[in-house]
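So you can see what is in the structure, the chains are spelled out below.
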Amino acid sequence: MSRADQTLAEELAAQAAAGRSRRRRTVEARAAGGVRVTVAGRECLAFCSNDYLGLADHPRVVAAFCEAARRWGVGSGASHLVSGHDAEHHALEEELARFVARPRALLFSTGYMANLAVASVLAGRGDHVLEDRLNHASLLDAGLACGARFSSYAHGDVAALRSKLAAIGAAARTLVLTDGVFSMDGDIAPLQEIAAACRELPATLLVDDAHGFGVLGATGAGAVEEAGLGLDAVPVLMCTLGKAVGTFGAFVAGSPMLIESLLQRARTYIYTTALPPAVAAATRESLRVMRDEPWRRGRVLEHAARFRAGLAELGLRPLPSRTPIQPLLIGAEAAAVVASHALFEQGFWVPAIRPPTVPVGTSRLRFTFSASHTEAEVEQLLAALRTLRDSGVIQPTAAA
Ligand code: PMP
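All of the points below concern the structure found in this document. (Residues numbered from 1 in each chain as written. Predicted model: local features only at pLDDT ≥ 70, side-chain atom pairs only at ≥ 80, totals over all residues. Heavy atoms only, no water.)

## Some points on the site of the ligand
Not every one of the 13 residues close to the ligand is listed here, only the nearest: Gly 111, Tyr 112, Asp 208, His 211 and Lys 243. With respect to the ligand, the side chain of Asp 208 contributes an N or O atom lying 2.5 Å from a nitrogen atom. If the ligand stood free it would expose 390 Å²; the protein chains cover 79% of that surface. With three residues, the top contributor of residues to the shell around the ligand is helix H5 (residues 111–122). (Near = heavy atom within 4 Å. Polar contact = N/O pair within 3.5 Å; in protein donor to acceptor, adjacent residues only side chain to side chain. Areas by Shrake-Rupley, 256 points an atom, 1.4 Å probe, with all protein chains shown as cover. Helix = DSSP H or I, 4+ residues; strand = E, 2+ residues; numbered from the N terminus.)

## Description of the pattern of salt bridges
Opposite charge on two side chains allows them to pair when their charged atoms are near. Across all of its chains, the model carries 17 salt bridges by this definition. Here Arg 296 and Glu 293 are joined by a salt bridge, their closest N and O atoms 2.6 Å apart. The class of Glu 293 is buried, set by a relative accessible area of 17%. Salt bridges here are not isolated pairs; linked through shared partners, they connect Arg 60, Glu 285, Arg 288 and Asp 292. (Salt bridge = Lys/Arg side-chain N within 4 Å of Asp/Glu carboxyl O. Buried < 20%, exposed > 50% of the residue type's maximum accessible area, 1.4 Å probe, protein only.)

## Focus: unusual backbone geometry
Peptide bonds are mostly trans, and most non-glycine residues show a negative phi. The step from Pro 355 to Pro 356 runs through a cis peptide bond, and the omega angle for that step is 5°. Inspection of the secondary structure puts Pro 356 in the loop between strand S13 (352–353) and strand S14 (363–368). Positioned with a positive phi, Ala 40 is a non-glycine residue whose angle comes to about 50°. Looking at the element boundaries, Ala 40 is found in the loop between strand S2 (36–39) and strand S3 (42–46).

## Digging into the sheet that holds S2
Strand order in the open sheet formed by four strands is S1-S2-S3-S12, with mixed pairing between adjacent strands. Here the strands that pair on one side only, and so sit at the sheet edges, are strand S1 (27–31) and strand S12 (348–349). Both S1 and S2 contribute to a ladder of four bridges, which runs antiparallel. Within S2, the residue paired with Val 27 across the bridge is Val 39. (Pairing = 2+ DSSP bridges.)

## Re the packing of aromatic side chains
Under the definition given, this model contains eight aromatic pairs. Seen from their ring centres, Phe 108 and Tyr 269 are 5.4 Å apart, and the 70° between their planes marks the pair as edge-to-face. Taken as a pair, Phe 108 in strand S4 (residues 104–108) and Tyr 269 in helix H11 (residues 267–270) lie far apart in primary sequence, 161 residues in all. For the pair Phe 108 and Tyr 269, one class covers both residues: buried. Here the aromatic rings of Phe 213 and Phe 251 are separated by 5.4 Å at their centres, their planes lie at 70°, and the arrangement is edge-to-face. Highlighted residues: Phe 213 in the loop between strand S8 (204–208) and helix H9 (223–226) and Phe 251 in strand S10 (residues 250–254), separated in sequence by 38 residues. Residue classification places Phe 213 among the buried residues on the basis of a relative accessible area of 1%. What makes Phe 251 buried here is its relative accessible area of 0%. Above the plane of the ring of Phe 344 lies Arg 25, whose end atom (NZ or CZ) is 3.7 Å from the centre. Over the face of the ring belonging to Phe 344 we find Arg 42, whose NZ or CZ atom lies 5.7 Å from the ring centre. (Phe/Tyr/Trp six-rings, centres within 6.5 Å; stacked < 30°, edge-to-face > 60°. Lys NZ or Arg CZ within 6 Å of the ring centre and 35° of its normal.)

## Focus: helix H1 (residues 3–17)
Counted at 1.5 Å a residue, the expected span for H1 with its 15 residues is 21 Å, and the 21 Å between its end C-alpha atoms agrees. Just beyond H1, the residue with positive phi is Gly 19, at close to 75°. (Expected span 1.5 Å × (residues − 1).)

## Observations concerning the packing of H5 against helix H6 (residues 137–145)
H6 packs onto H5 with a crossing angle of 30° between their chain directions and a minimal axis gap of 8 Å. The angle between H5 and H6 falls in the class roughly parallel. As for how H5 packs across H6, the hand of that crossing is right-handed. Contact residues: H5 offers Tyr 112, Asn 115, Leu 116 and Ala 119, while H6 offers Ser 138, Leu 139, Asp 141, Ala 142, Gly 143 and Ala 145. Broken down by class, the residue content of the contact of H5 with H6 amounts to six nonpolar, three polar and one charged. (Axes fitted to C-alpha atoms, helices over the stretch in contact; angles between N-to-C directions. Parallel < 35°, antiparallel > 145°, perpendicular 65-115°, else oblique. Left-handed = near helix turned anticlockwise from the far one by under 90°. Contact = heavy atoms within 4.5 Å. Nonpolar A, V, L, I, M, F, W, Y, C, P; charged D, E, K, R; others polar.)

In short, the description is geometric, and any link to function would need to be established separately.
Set out below in structure tokens:
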């Protein structure tokens, strides 16, 4: 074994000893809006996808994808600024800007890259970045990588944010970054209060609404729409397309000046291949389905509410969330893995989320719901959880 491999082997062994090894399950087939999946020859019910509206295999979205692939080919062939910016991308950007009621939007290949882009353009050496402690890894990485002075505040704690902003002072350039819906907790940031703090103290606010977009708000435009916050309150809005929209990619929406600056300067925009145009075409159709079938938003939220009520009947308490993300706190890494395996044995796929994705001691089962689930399937999941509770695999007292 090479010296490098020897070190890697030791590091992997330490990770395994801490109960933090990760492993992939290969999905052999997906059906029924992605909620019935076949793994190792066995069909199971998945409660672990971010395809909240069940649009990833919607016939209209799939047809738009296939038609565009025939017309445009599969690959875009280049970055947007070279020759990869096709009419489908351009039309999608205009439609996304309209969807979130912002002047302009810019497509990115992933949300991770979009977050890196924004932080790199809006903050640098000598500036300040403030983040909620439970922000998604891509936001935290973006804040750390941009070279600004980085500080985090306790989860959802606007008073802590305010005092940090006050200490920094108005002379400095400060960027505040928050998830709209927290990806591992499912709760919604106090966006109105955060926006008010950023207006008064002052700072530029970026909301990453990866998990709210498509699900929350009167038109599905997300947590920011639900909070009634326009461009002045939330000048930088980042949303992903690989979750409720059911396709792939991400966008940043904001002022023409912001978007032009990202386009001119963000390295994760400039130096990467544009999304396949067929993905853009499928996303355009997905936005139309979101408008035509608003019942999908209602249905997924109803499933989440029924699940919470069912857990309460079992004496189990999920973390406070009214979104499709419903975590059940377990505590120790090993116990979360045991619970996840026990559910899998009964035909339910629910991942154990462990550190470093979540803080030490807060390992959890993360249930996510889809409009493609049926009410009966939610009841089946609750029945399985009842058996886990009765056999002591899940402790009512361990719940938050
Ligand atoms: N932000 C949040 C809150 C997320 O949950 C994710 C994806 N898990 C991302 C950003 C990254 O988006 P993408 O998967 O498109 O890179």
